[in-house]
Amino acid sequence: MRSKLLLCALLLGCFGLHAQEGVAVSGTVTDATSGESLIGASVIVVTGADGTGGVTGTVTDIDGGYTLNNVPLNATLRFTYTGFAPTEEVVTAAGIIDVAMGMDAQALDEVVVIGYGTQVKRNVTGSVSTVDAETIDELKPQKIEQALQGTVAGVNVTTQSGSPGAGLNIRIRGISTNGQNAPLVIIDGYQGDLSTINPQDVATITVLKDAQAAVYGTIGANGVILITTKTGKKNSPTSFSYNTYYGTQSTSRKLNLLNATEYGLLLNESYAAGGQALPFPDASQLGVGTDWQDEVFETAPIVSHDFTASGGSDRVTYSVGASYLNQDGIVGGDKAGFRRATGRLSLGVDLTDKLKLTTNAIYTYIDRDALQENGLGAVLFNGLNAPPTLPVRRADGEFSLIPNTAGFGNEVINPAAQIANTFNDYDLNKINGIVGLDYNVIEGLVLTGRVGFNTSNSEGRTFNKQINYGGKVFDIQRSSVNQNAINDNNYTFDLFGTYERTFADAHHLTGTVGTTLFRELGNGLFATGFDVPNNDFEFADISLATGTSPEGARDVSSYSYDERRLSYFGRVQYDYLSRYFVTAMLRRDASTKFGPENRSALFPSATAGWIASDESFFGDEGLVDLLKFRVSYGILGNDQIVNNGFIGSLSGEATYVINGLLVNGTAIGTLPNPSLQWEEAKKFNAGFDLALLDYRLNFTVDYFINTRDELLISNIPVSGIVGTAAPGAGSPTVNAGSVRNKGLELAINYQQRFNSDLKLNVSVNMTTLDNEVLAVNNGTGFIEGGAFGVGQDLSPSRMEAGQPIGYFLGYQTAGIFQNESEIEAHASQLEVRPQPGDLRFVDTNGDGVVDESDRVNIGDPIADYTFGGNVRVDFKGFDFSAYAFASVGGDIVRNYERALPNVNRSDYFLGRWTGAGTSTEIPRATTAATSNNVFSDFFVEDASFLRLQNVQLGYTMPFRKTAARPSSLRIYVSGQNLLTFTNYQGFDPGASSGDPIGGGIDSGFYPVARTILFGANLSL
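Rules behind the numbers
Numbers given for residues are sequential positions, taken from 1 along each chain in its written order. Owing to the predicted nature of the model, reporting of local features is limited to residues with pLDDT of at least 70; listing and counting of side-chain atom pairs is limited to 80 or more, with chain, interface and lining totals taken over all residues. Working from all heavy atoms in the structure, the side-chain values ignore hydrogens and water. Strands are runs of DSSP state E lasting at least 2 residues, helices are runs of H or I lasting at least 4, and numbering of each runs from the N terminus. Using C-alpha atoms as the atom set, the radius of gyration is obtained and then compared with a globule rule of 2.2 Å times the number of residues to the power 0.38. Only protein chains enter the calculation, and the probe is 1.4 Å; a residue is then buried if its accessible area is under 20% of its type maximum, exposed if over 50%, and partly exposed in between. Contacts are assigned to residue pairs with any non-hydrogen atoms lying within 4.5 Å of each other. Using the Shrake-Rupley algorithm and a 1.4 Å probe, accessible areas are obtained, with residue cover drawn only from the displayed protein chains. Under this rule, positive means Lys or Arg and negative means Asp or Glu; His and the chain ends count for nothing. Where a charge lies is defined by one atom per residue type, namely NZ (Lys), CZ (Arg), CG (Asp) and CD (Glu). Residues grouped as a nonpolar core are buried Ala, Val, Leu, Ile, Met, Phe, Trp, Tyr and Cys residues, joined through side-chain atoms within 4.5 Å. Criterion used throughout: strands pair if DSSP finds at least two bridges between them. Only protein atoms enter the calculation, which uses a 1 Å grid: trapped sets of points that fit a 1.4 Å probe without letting it out are cavities, open sets showing protein on both sides within 12 Å along at least five of seven lines are pockets, and any residue with an atom within 4 Å of a point is a lining residue. Grid points are joined across faces, edges and corners, and a volume is the space filled by probe spheres set on the points. Gly is put with the polar residues, along with every residue not named as nonpolar or charged; the nonpolar set is Ala, Val, Leu, Ile, Met, Phe, Trp, Tyr, Cys and Pro, and the charged set is Asp, Glu, Lys and Arg. The pLDDT value expresses, per residue, how confident the predictor is, ranging between 0 and 100. Any pair of N or O atoms that falls within 3.5 Å is considered a polar contact. Within protein, one atom must be able to donate a hydrogen and the other to accept it, and sequence-neighbouring residues count only if both atoms are side-chain atoms. To estimate how far a helix should reach, multiply one less than its number of residues by 1.5 Å. Residues enter patches when their relative accessible area tops 30% and they take part in no salt bridge; the joining distance is 9 Å for like charges and 5 Å for the nonpolar side chains Val, Leu, Ile, Met, Phe, Trp and Tyr. Here a salt bridge means any side-chain nitrogen of Lys or Arg lying within 4 Å of a carboxyl oxygen belonging to Asp or Glu. Classification of ring pairs rests on two measures: the distance between centres of Phe, Tyr or Trp rings, Trp counted by its six-membered ring, which must be within 6.5 Å, and the angle between planes, read as stacked under 30 degrees, edge-to-face over 60 and tilted in between.

A. Seen up close, the overall build of the protein chain. For the protein chain, the helix and strand inventory stands at eight helices and 55 strands. Compactness check: the protein chain gives a C-alpha radius of gyration of 33 Å against a globular reference of 31 Å for 1020 residues, within 12% of the reference. For the protein chain, the C-alpha atoms occupy an extent of roughly 125 × 70 × 70 Å along the three principal directions. Sorting the 1020 residues of the protein chain into buried and exposed places 51% on the buried side. Look at the contacts in the protein chain between residues 6 or more apart in sequence, and 70% of them connect residues 24 or more apart. Element-wise, carbon and sulfur atoms account for 56% of the exposed surface of the protein chain, whose accessible area totals about 43500 Å². One way to put it: in the protein chain the 69 positive side-chain charges average out to a point 6 Å from where the 107 negative ones average out.

This is the structure:
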């Protein structure tokens, strides 16, 4: 009997197993618009009662067909394809399931990050722009900031230097303050920075440009950049990607300098005009001579590797990645090299049905070496001014020395020797990340708590080798080593709740309320040791240095800081019929950077929107798919000032008389101002979004007015009686200025899929900008900055009411004096009487004397218009993309030419004045004293340019088509900074030091590199 029962059980079990076997399903996936087959579309089988069970699948073949076996009944087939809306079908029986996929109207369902939450892009009422991972991958930026240049309207990115690892300046809708203009950066919810991020780790970049950023209060005045890093996806098998490229870099530009013969003839003419003997009696024998740019510039390699593994189950998502970048400099090679290694872990776990854990950690190691740049004594400055008649090395193999004579000055040195004798190293170890919990308290209410952290430790070392450059100021009599160790940390704690509910199928409400605590603290230690053993970098360490500095000087210094900010915020988002939208935000910030009189402040804002295309008068079908009007206004703050400006500190020096003896001691440093308060940014924005032709053609237009009041201005002039003239002392910081930026932004995108083989995407954007200083209430009415030439006391740049911030103040020229009679008829000009062939300066105030009161606005570095554009074409397995950027209307100061008779010159000097009528632009050559080198519009040039930023051609080879995930190998060739069209004579018309006042002065900016990359992307 037992055996019969066992046999029945086995038979029933076999029957049950057979009953669980799935059915066979096949079909074709096509484009709903054209009917063309879609090759490589993903077909995923999702099982489980909740639709989130195990995962299997395939991809469509060359005819758009697919076949799946053993598909469980009632399972869901999920169809996805780039550029199309995802489609799902339920399997109810064996057979054929054909799917026609429609275009993905991204304006309808794309979700964007808006700060302490997300929002469907269709419902966003602020000015928000995004850059996706595909764009980042096409641009292949070494630093993530580069992905914003030309891709987002209203965002301008300028290089501080083209050297590897150098910083970049990001300005959102102009320069608004004389202080810190950099935007706030939020990485996965915590405050971070862009400088150490691996671009391949970034999923999206979201830019908040208007009052939408008011939810960040006192730190959002300069705009907000929200970075979302890549994570795994639920119910996805583990996927692997490996991306690599190798490339070569070369200078994108060389200046046209005089060769040795041209240089010799110029010097002969100059010395003859000054009544001196000719330095080159037979200049025809000089030949071409040394091209110092060829000696300084080199072809440098760049290599990158990036690996990622990601996936997920129904409760867990994960993503693990690592990367390595090694980039040598086009000046100095590995002595200006940049090496970055990163490791990243992202993990999401549904601990329960209501509780979710999110973690993300990024480790970064940076090793950077650098040469002196952009200024007197910089390598390129020396390379441009060194005489072409001098060989790089002498006959004995030693570097040639540039003579220490009046003609060369005491600061121009052999740039090749300078590179060889530069030794420094900077190492950074940083870990940043976030740990967060989301708890679904009740339906519609989610409570979020998260802790973000950044901690970094850096060490720097510079070896100053004992060296003789020929009696120059850069000669080093005693070797020394400078070392520093810096520890920086910040922590963010967020606790907020979000409640979302829909009433009567028409009213939708989302409320967010919470608090944020931010703390930043750190310290730095600096030390110098002298007399390094063997005068060698290998022994350059404080522990080995045997000497100390001269008596009375300090060998060590240090600092520490600890600042905190406590914030409370709330936001209410309401919409009616998903057509009418209103959002109100309020944030209260309190910061230790301000005294008790103004420690806290409120920052309110509001936005509104109306989707007019949903109104009945538009009809159900028509040309317009979406027409949304938006308006916003808000007040934000900026607390980016020197710490402890509201209190006095004993950081000054003084000498006291005690018991009849002089005793050195301390005194009050910078004078305090207990009334310091926040800078206030008042932001207005009005715009609209328009989508046409089934969302293929999209327009976004915004008009903005940003007014920054209560600017924090340092070093306000006060009476010396209060002690501001003592060493270490300084004038106080007060709220004393106002700046306004206004402009128009336009972004246009057109995308068209002609068939399954051909797809086109074209985007262009334009921004206009009008910058004006409204007030500088500091007693003088202006703030000066920048420097020009050597020994010129008058600052070339100013912030002054009625002018653009940082405009150039100098003499206006009116051609060249052609003869003595013109000089006699002209106003008295400066201290040196002009001669025929000298610049003629305009007596702007008409008082008959040209002096410093005649200086006027001769240009400003802020561009009037910026443009960005890109095009992408996909044809079968090939893809082509190109990106370009243009800047129009800005000016730049040419300050890389040393005003000495024996230095080399640009070839524009070949068109110099040599007699009456020969030139009306370029002054004569002479060794005699002239006023030709004082700061005037002769040195100010148009900085407009058009740059082809990136061109890329790739080919993708799909394989393993029967797998649950598509696998492919893509190979490509890419060119960066291939062409720059400009009339500027310097290396880079788009470079800037980033200073609001004096930032557009070019003292030899390191040019951006022209790079050719060969790479591959492997997906498994």
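Here the narrative resumes, following the displayed structure.
B. Geometry of the nonpolar core. Counting residues in each nonpolar core, the largest one holds 42 residues, and the members touching the most others are Tyr 263, Ile 402, Phe 808, Val 893, Phe 935, Phe 938 and Val 940. Mapped onto this core, the elements with two or more residues apiece are α4 (260–273), α7 (415–420) and β45 (839–841). In terms of residue count, the dominant contributor to this core is α4 (four residues). With 24 residues, the next largest nonpolar core counts Leu 139, Ala 147, Ile 170 and Ile 197 among its residues.

C. Main features of the pairing of strand β26 (residues 507–530). Bridge count for strand β25 (residues 480–503) against β26 is 24 bridges, and the pairing is antiparallel. Within β26, the residue paired with Thr 498 across the bridge is Thr 512. In this structure, the hairpin formed by β25 and β26 is closed by a connection of three residues, where Ala 504 is found at a positive phi of approximately 55 degrees. Relative to strand β27 (residues 556–576), β26 runs antiparallel, the two sharing 21 bridges. From the neighbouring strand, Thr 510 faces β27, where its bridge partner is Gln 573.

D. Spatial organisation of empty space enclosed by the protein. Counted according to the given criterion, the structure contains 10 cavities of 30 Å³ or more. Estimates place the volume of the second largest cavity at around 160 Å³. For the lining of the second largest cavity, the secondary structure elements donating two or more residues are β18 (236–251), β19 (300–312) and β20 (316–329). Looking at the lining of the second largest cavity, its residues break down into six nonpolar, seven polar and three charged.

E. Here's a closer look at the confidence of the model for the protein chain. When pLDDT is averaged across the protein chain, the result is 90; 95% of the residues are at 70 or more. Contacts for the low-pLDDT stretch residues 1–20, under 50 throughout, to residues beyond four places or in other chains number zero contacts. Confidence drops under a pLDDT of 50 for residues 49–53, and excluding neighbours within four residues, the segment shows 10 contacts in the predicted structure.

F. Seen up close, the sheet that holds strand β42 (residues 807–810). Spatial strand order, β40-β41-β42-β47: four strands in an open sheet with antiparallel pairing. The outermost strands of the open sheet, each flanked by one partner alone, are β40 (782–785) and β47 (856–857). Relative to β42, strand β41 (residues 797–800) is paired through two bridges, and the arrangement is antiparallel. Bridged to Arg 798 within β42 is Tyr 807.

G. Quick peek at the side chain of Asp 369. Mapped onto the elements of the fold, Asp 369 is located in the loop between β22 (355–368) and α6 (379–385). Judged by relative accessible area, Asp 369 falls into the buried class, the value being 12%. Within the structure, the side chain of Asp 369 is placed 3.0 Å from the side chain of Arg 339, a separation counted as a polar contact. With residues up to four places along the chain from it excluded, the contact list for Asp 369 reads Asp 334, Lys 335, Ala 336, Gly 337, Arg 339, Asn 424, Asp 425 and Tyr 426.

H. Expanded view of unusual backbone geometry. Backbone geometry at Asn 535 places phi at a positive 50 degrees, although glycine is not the residue there. Of note, Asn 535 is situated in the loop between β26 and β27. Judged by relative accessible area, which is 23%, Asn 535 ranks as partly exposed. Even without being glycine, Asn 659 reaches a positive phi, approximately 55 degrees.

I. Spotlight on α4. A rise of 1.5 Å per residue sets the reference length of α4, with its 14 residues, at 20 Å; its end C-alpha atoms lie 20 Å apart and thus fit the reference within 8%. Backbone nitrogen of Thr 261 and a side-chain oxygen of the N-cap are separated by 3.1 Å at the start of α4; the cap is Asn 259.

J. Quick peek at a nonpolar patch on the surface. Judged by side-chain polarity, Phe 875, Phe 878, Phe 880, Leu 953, Tyr 955, Met 957, Ile 971, Val 973, Ile 1012 and Phe 1014 come together as a nonpolar surface patch covering roughly 850 Å² of accessible area. For the nonpolar patch, the secondary structure elements donating two or more residues are β49 (878–888), β52 (945–959), β53 (967–982) and β55 (1009–1019). Here the nonpolar patch gets three residues from one element, more than from any other, and that element is β52. As for its position among the elements, Ile 971 is in strand β53.

K. Examining the sheet that holds strand β54 (residues 1001–1002) more closely. The three strands lie next to each other as β51-β50-β54, forming an open sheet whose pairing is mixed. Each end of this open sheet is capped by a strand with a single partner; those strands are β51 (940–942) and β54. Pairing geometry for strand β50 (residues 891–894) and β54, over two bridges, is parallel. Following the sheet pairing, Val 893 is matched in β54 by Ile 1001.

L. Focus on the pattern of salt bridges. Following the criterion strictly, the structure yields 42 salt bridges and no others. Across the pair Asp 291 and Lys 254 runs a salt bridge, and its minimum N-O distance is 3.3 Å. On the criterion of sequence distance, the pair formed by Asp 291 in the loop between α4 and α5 (292–296) and Lys 254 in the loop between β18 and α4 is long-range, its members being 37 residues apart. Look at Asp 291 and you get partly exposed, because its relative accessible area is 31%. Residues Arg 315 and Asp 353 are paired through a salt bridge, measuring 2.8 Å at the closest nitrogen-oxygen approach. Highlighted residues: Arg 315 in the loop between β19 and β20 and Asp 353 in the loop between β21 (333–350) and β22, separated in sequence by 38 residues. Sharing partners across several salt bridges, the network here consists of Glu 134, Glu 138, Arg 872 and Asp 874.

M. View of the environment of Thr 866. Looking at the secondary structure, you find Thr 866 in strand β48 (residues 865–875). Not counting chain neighbours up to four residues away, the residues in contact with Thr 866 comprise Asn 765, Met 766, Thr 767, Phe 885, Ala 886 and Ser 887.

N. The packing of aromatic side chains, seen in detail. All told, the structure shown has 28 aromatic pairs when counted by the stated rule. Between Phe 594 and Trp 678, the ring centres sit 4.6 Å apart and the planes meet at 40 degrees, which makes this aromatic pair tilted. Here Trp 678 lies in the loop between β32 (661–667) and β33 (679–692) and Phe 594 lies in the loop between β28 (580–591) and β29 (600–611), a separation of 84 residues in the sequence. Overall, the relative accessible area of 0% leaves Phe 594 in the buried class. Note on Trp 678: relative accessible area 4%, which makes it buried. Ring centres 6.4 Å apart and planes at 70 degrees place the aromatic pair Tyr 908 and Phe 938 in the edge-to-face group. With Tyr 908 in the loop between β50 and β51 and Phe 938 in the loop between β50 and β51, this residue pair connects regions lying 30 residues apart in the sequence. By relative accessible area, which is 14% here, Tyr 908 ends up buried.

O. Quick look at the side chain of Asp 367. The residue Asp 367 is located in strand β22 in this model. Accessibility expressed as a relative area gives 14% for Asp 367, which makes it buried.

P. Structural view of the pairing of β33. Relative to β33, strand β30 (residues 624–638) is paired through 14 bridges, and the arrangement is antiparallel. The residue of β33 that forms the bridge with Lys 628 is Asp 689. Bridge count for β33 against strand β34 (residues 697–709) is 13 bridges, and the pairing is antiparallel. Looking at β34, one finds that Ala 681 is bridged to Arg 708. Here β33 folds back onto β34 in antiparallel fashion, the turn holding four residues, of which Leu 693 has a positive phi close to 55 degrees.

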